[in-house]
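Architecture and fold: a report
As a plain string of letters, each chain reads:
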Protein chains: 2
Amino acid sequence: MITALAGGVGAARFLTGLVKLVDEKNVTIIVNTGDDIELHGLHISPDIDTIAYTLAGIVDEEKGWGIKGDTFHCLTALGKLGQETWFALGDKDLAMHVFRTNLLKKGCKLSEVTAEATRLLGLNVAILPMTDDRFETRIVTKRGEIHFQEYLVKRQARDAVYGVKFLGADTAEPAVGVIDAIMNTTKVVVCPSNPIVSIGTILALKGVRDALKKTNADKVAVSPIVAGAPIKGPADKLLWGLRLEVSAYAVAELYADFIDTFIIDTADLAQKGEIEKLGIKVRVANTIMRTLEDKVHLAKIVLGS
Amino acid sequence: MITALAGGVGAARFLTGLVKLVDEKNVTIIVNTGDDIELHGLHISPDIDTIAYTLAGIVDEEKGWGIKGDTFHCLTALGKLGQETWFALGDKDLAMHVFRTNLLKKGCKLSEVTAEATRLLGLNVAILPMTDDRFETRIVTKRGEIHFQEYLVKRQARDAVYGVKFLGADTAEPAVGVIDAIMNTTKVVVCPSNPIVSIGTILALKGVRDALKKTNADKVAVSPIVAGAPIKGPADKLLWGLRLEVSAYAVAELYADFIDTFIIDTADLAQKGEIEKLGIKVRVANTIMRTLEDKVHLAKIVLGS
């Protein structure tokens with residue numbers, strides 16, 4: 001049994017390799033929902049969809065998110081109706097948001113909707129939103145606090161980051177199954193996702209960090225930082241904003257209280273000794289996943305650690 | 001000033017001709033909302049959209065509804081998620097439903113949303129939903145009561161009709177402006193729409209029939225029945241179901257208490273005398289609107305009556 005903590009694109013790529021080696025039925029993925037946003041009255045869960053679309057083989061592989069070959073006719077028409085179009089919503093992709101919003105409106109929990117969507121996409125993994133409650137990642141900028149998607153997508157991560165806030169962190173409960181999936185598993189994998197706004201959100205949920213410390217599972221994390229830069233996304237800007245170093249070491253420090261093993265890229269070999277001083281085992285591997293072979297290879301390292 | 005009572009396709013075609021002769025700013029269209037339906041959590045107002053799309057020149061002219069050249073990628077994807085797809089929702093069309101649902105959720109009234117949508121489509125006519133309240137046309141069949149769209153679209157009008165019910169008719173109020181548009185105008189036109197489920201719904205609203213009787217405006221109706229059959233739609237089946245004759249005369253009887261003039265097709269010339277006995281002036285014209293010229297010609301007859 002494997003439980004993964006996941007953000008979006010990086011995690012999805014890693015998990016593609018993992019499910020080549022492990023039966024999907026034995027994989028539970030706890031996914032960040034701090035990026036979730038309501039746009040046009042629709043509930044959008046970007047990381048859940050990226051993970052699901054990727055594992056279902058329908059993701060736009062070039063972008064890493066959205067559905068391949070999608071069109072944007074509805075979004076264009078929304079633009080003509082004076083609505084904001086900075087968040088790309090494809091026509092096929094829109095079906096998921098309409099489906100989700102409709103079920104949420106009918107009183108279903110996000111976790112229930114996600115389980116149903118996962119099944120309908122033909123997947124056998126368990127995809128768990130980290131929480132069914134409101135939890136919103138906000139970025140503090142010179143211009144004020146803005147939603148993470150507004151920071152990342154609308155403003156293209158160009159604002160200096162003064163801080164990161166998690167609205168709802170005090171009150172949101174982990175979704176049913178989250179703590180259980182951490183406690184009753186043999187391996188916990190922290191995917192190569194943004195340590196602040198993807199993994200950091202999950203860790204900020206009540207009881208999650210404690211469960212990670214208490215579980216008897218073996219706990220492995222893959223560094224999302226290679227040679228001083230994130231593989232994808234704005235992790236560097238967020239780390240800087242929080243006055244943290246942009247390095248595999250800095251990420252290891254953030255996870256040091258609960259992980260057993262940290263996997264760093266060969267490019268960061270020089271940091272091995274320093275990370276080991278945090279009391280963590282270190283494995284060095286190629287963590288850049290360009291091909292399916294790269295993904296499977298990295299998953300093998302993780303499973304073997 | 002002209003106030004029109006309208007259903008969907010037939011009314012939209014007629015109004016296309018009317019606005020060639022009259023400044024849009026002087027036209028108010030009171031539109032049936034008994035067909036409105038919530039599907040996939042989206043509020044769909046078929047008649048309002050048909051009128052608006054037609055006047056905006058973006059309607060699929062062959063079908064008479066929807067947006068020309070639209071695609072159905074979202075609907076197909078909703079089908080893959082196990083959702084019903086019997087109601088055709090195009091990708092561009094969907095933008096209107098998402099826009100409307102979002103504003104309704106934010107507390108706007110349907111009439112406010114419609115005014116805004118009309119403006120955004122570049123129209124200068126006033127399109128008024130007949131009511132902002134719940135009002136639902138249900139068809140009584142052997143299998144029980146079903147929503148009008150289920151009867152018409154899902155089951156292709158194949159059920160024998162035992163009756164027609166208007167849910168909400170006792171409580172729904174005419175939208176702000178509806179009674180005023182009837183009382184303070186020089187001409188009221190009853191468009192060639194279904195007398196039961198399009199015009200009949202508007203007439204069933206509190207105060208509408210009284211206003212039509214009291215107004216000093218000249219009141220003209222165009223028969224939607226030509227040579228014993230509706231030009232479009234299931235009016236014949238509904239009339240039969242209500243044990244009414246399928247004829248221009250039968251429609252004239254339904255409107256006899258408030259109209260001054262009834263326009264019938266040349267094919268129904270033989271009914272002229274009988275209709276006049278109801279105390280109504282009768283004009284005979286070509287009411288089949290194939291070309292824009294046909295539409296303008298019919299509008300001229302209406303304006304001249």
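Definitions and cut-offs
Residues numbered from 1 in each chain as written. Chains lettered and ligands numbered in written order. Predicted model: local features only at pLDDT ≥ 70, side-chain atom pairs only at ≥ 80, totals over all residues. Helix = DSSP H or I, 4+ residues; strand = E, 2+ residues; numbered from the N terminus. Rg over C-alpha atoms; globule rule 2.2 N^0.38 Å. Buried ≥ 20, exposed ≤ 12 C-beta atoms within 10 Å, placed from the backbone. Contact = placed C-beta atoms within 7 Å. Arc of directions from axis to C-beta. Nonpolar A, V, L, I, M, F, W, Y, C, P; charged D, E, K, R; others polar. Least-squares fit on C-alpha atoms with pLDDT ≥ 70 in both. Axes fitted to C-alpha atoms, helices over the stretch in contact; angles between N-to-C directions. Parallel < 35°, antiparallel > 145°, perpendicular 65-115°, else oblique. Left-handed = near helix turned anticlockwise from the far one by under 90°. Expected span 1.5 Å × (residues − 1). Core = buried A, V, L, I, M, F, W, Y, C linked by C-beta atoms within 7 Å. Pairing = 2+ DSSP bridges. pLDDT = per-residue confidence, 0-100.

Attention shifts here to the overall build of chain A. On a plain count of helices and strands, chain A comes out with 13 helices and 14 strands. Taking 19 Å as the expected radius of gyration for a compact globule of 305 residues, we find that chain A reaches 18 Å, a close match to that expectation. If you line up chain A on its principal axes, its C-alpha atoms span 60 × 45 × 40 Å. Buried residues in chain A amount to 51% of all 305 residues. Partitioning the intrachain contacts of chain A with sequence separation of at least 6 by distance along the chain shows that 67% fall at a separation of at least 24.

Before going further, it helps to examine helix 11 (residues 248-255) of chain A. The α-helix advances 3.6 residues per turn, and as a result positions three or four apart in sequence lie on the same side. Residue and element names in this part refer to chain A. Listed in full, the buried residues belonging to helix 11 are Ala 248, Tyr 249, Val 251, Ala 252 and Tyr 255. Summarising the axial view, the buried residues of helix 11 lie within an arc of 160°, below the 170-degree limit, and thus occupy one face. At its buried positions, helix 11 is contacted by strand 9 (187-190), strand 10 (218-222), strand 11 (225-226), strand 13 (261-265) and helix 12 (272-276).

Quoted interface sizes are often the accessible area lost when the parts come together. Tallying the contact residues gives 22 residues for chain A and 22 residues for chain B. Those elements giving two or more residues to the side of chain A that touches chain B turn out to be helix 3 (73-80), helix 4 (91-105) and helix 5 (110-120) of chain A. With 9 residues, helix 4 of chain A is the single largest residue contributor to the side of chain A that touches chain B. A breakdown of the residues in the side of chain A that touches chain B according to their chemical character gives 11 nonpolar, 8 polar and 3 charged.

Moving on: the relation of the copies chain A and chain B. Between chain A and chain B, the superposition needs a rotation of 180° and an axial shift of 0.0 Å, giving an RMSD of 0.0 Å. Taken together, the rotation angle and the small translation identify this as a two-fold axis. When each C-alpha of chain A is compared by its distance to the rotation axis, A:Asp91 comes out closest, at 3.2 Å. The overlap is high: 100% of the interface residues of chain A also sit at the interface in chain B, so the same surface is used on both sides.

Moving on, we get to the packing of helix 3 of chain A against helix 4 (residues 91-105) of chain B. Two elements in contact, helix 3 of chain A and helix 4 of chain B, have axes whose closest approach is 7 Å; the angle formed by their N-to-C orientations is 50°. With respect to their mutual orientation, helix 3 of chain A and helix 4 of chain B come out oblique. Judged by the twist between their axes, the crossing of helix 3 of chain A over helix 4 of chain B is right-handed. Each of A:His73, A:Cys74, A:Ala77 and A:Leu78 in helix 3 of chain A lies in contact with helix 4 of chain B, whose residues at this interface are B:Asp91, B:Lys92, B:Leu94, B:Ala95, B:Val98 and B:Phe99. By residue class, the composition of the contact of helix 3 of chain A with helix 4 of chain B is 7 nonpolar, 1 polar and 2 charged.

Further remarks concern helix 4 of chain B. Residue and element names in this part refer to chain B. The end-to-end C-alpha distance of helix 4, which contains 15 residues, comes to 21 Å, matching closely the 21 Å that a straight helix rising 1.5 Å per residue would cover. In terms of burial, helix 4 is a largely internal element, 12 of the 15 residues being buried. Just downstream of helix 4, Gly 107 is the residue with a positive phi angle, here 105°.

Before going further, it helps to spend a moment on the nonpolar core. Counting 183 residues, the largest nonpolar core has A:Leu15 and B:Leu15 as the members making the most contacts within it. With residues up to four places along the chain from it excluded, the contact list for B:Leu15 reads B:Ala4, B:Ala6, B:Ile29, B:Ile51, B:Leu55 and B:Cys191.

Before going further, it helps to examine the sheet that holds strand 8 (residues 163-167) of chain B. All names here are of chain B. As summarised here, the arrangement of the 3 strands in space is 7-6-8, forming an open sheet in which the pairing is antiparallel. Pairing within the sheet leaves two strands with one partner each, and these edge strands are strand 7 (144-147) and strand 8. Geometrically, the sheet is characterised by an average inter-axis angle of 30° between neighbouring strands, direction not taken into account. Here strand 6 (residues 136-141) runs beside strand 8; their pairing, made up of 5 bridges, is antiparallel. Bridge assignment links Arg 138 to a residue of strand 8, and that residue is Lys 165.

Another point: the confidence of the model for chain A. Reading predicted coordinates in detail is not appropriate for stretches of low pLDDT. With 100% of its residues at a pLDDT of 70 or more, chain A has an overall mean of 96. Overall fold confidence (pTM) sits at 0.94, and the ipTM for the predicted complex is 0.91.

Residue and element names in this part refer to chain A. Position of Ser 305 relative to the elements: it lies in the segment after helix 13 (292-304). With 20 C-beta atoms counted inside 10 Å, the residue Ser 305 sits in the buried group. Considered as a pair, Ser 305 and Lys 281 are 24 residues apart in the sequence and their alpha carbons are 9.0 Å apart. If sequence neighbours within four positions are ignored, Ser 305 has contacts with Val 220, Thr 261, Ile 263 and Arg 283.

Even without glycine at this site, A:Ala227 takes up a positive phi of about 55°. Along the chain, the position of A:Ala227 falls in the loop between strand 11 and strand 12 (229-230). Judged by the 13 C-beta atoms lying within 10 Å of it, A:Ala227 falls in the partly exposed class. Positive phi outside glycine occurs at B:Arg243, with the angle close to 60°. Mapped onto the elements, B:Arg243 comes out in the loop between helix 10 (235-241) and helix 11 (248-255). Here B:Arg243 falls in the exposed class, since 7 other C-beta atoms lie within 10 Å of it.

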